[in-house]
Amino acid sequence: MPIFSFARTAPLSLDETWRRLTEWPRHADAVPLTRIRVLTDGPTGVGTRLVARSGIGPLALDDVMEVTVWRPPADGEGGLCRLEKRGRVVRGWAEIEVLPGPGGRSRVLWLEELRVRFLPRVFDGVLERTARAMFGRAVNRLLRRA
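These notes cover the structure that comes with them. In this text the structure is predicted, and so the values were computed from the model without any measurement.

1. Remarks on the overall build of the protein
Part 1 of the reasoning: In terms of helices and strands, the protein carries three helices and seven strands.
Part 2 of the reasoning: Starting at the N terminus and ending at the C terminus, the protein contains elements arranged as β-α-α-β-β-β-β-β-β-α.
Part 3 of the reasoning: For 146 residues, the compact-globule formula gives about 15 Å, and the C-alpha radius of gyration of the protein, at 15 Å, lands near that figure.
Part 4 of the reasoning: Dimensions of the protein along its principal axes, counting C-alpha atoms only, are 45 × 35 × 25 Å.

Pasting the structure below:
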């Protein structure tokens, strides 16, 4: 079960960085062959459920997630969102932290544990490197696009 992390600095306010990273349907624009559906009504908060379906046809996987921590930035303090992955195949968790950065910028810390059922542990290194690269590129795109 690989755990990976990465950090980014964005020339955006805390609130704008948070908005861009937690508008879940926008992730589909940044991750190839992925669709996002929010399964619960209302604004995002603890208990919000969503599913990211990645792939084509019978080769697609559902990444079912639930928000278990939701602390948006407030009063100049950073924010934290934790998603628990609760699908049949994709398991683990992800934390997205948005912190004040240098010069009025924002700092993003992404930490994730990713488990894929039926995938032998011998593939953990490949999964970790692939996931870090894929999610890192997605975050770069989300932070660039309004």
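Next comes the rest of the write-up.
2. Side note on helix 3 (residues 124-144)
Part 1 of the reasoning: When the terminal C-alpha atoms of helix 3 are compared, their 30 Å separation across 21 residues agrees well with the 30 Å that a helix rising 1.5 Å per residue should span.
Part 2 of the reasoning: If you check which residues of helix 3 are buried, you get Asp-124, Leu-127, Glu-128, Ala-131, Phe-135, Gly-136, Ala-138, Val-139, Leu-142 and Leu-143. The buried residues of helix 3 occupy one face: seen down the axis, they fall within an arc of 165°. Summarising the geometry of helix 3, the exposed residues directed more than 90 degrees from the buried face are Arg-129 and Arg-144.
Part 3 of the reasoning: Elements in contact with the buried residues of helix 3: strand 1 (3-10), helix 1 (14-22), helix 2 (27-30) and strand 7 (106-116).

What counts and what doesn't
Residues numbered from 1 in each chain as written. Predicted model: local features only at pLDDT ≥ 70, side-chain atom pairs only at ≥ 80, totals over all residues. Heavy atoms only, no water. Helix = DSSP H or I, 4+ residues; strand = E, 2+ residues; numbered from the N terminus. Rg over C-alpha atoms; globule rule 2.2 N^0.38 Å. Expected span 1.5 Å × (residues − 1). Buried < 20%, exposed > 50% of the residue type's maximum accessible area, 1.4 Å probe, protein only. Arc of directions from axis to C-beta. Contact = heavy atoms within 4.5 Å.

Geometry only, nothing functional implied.
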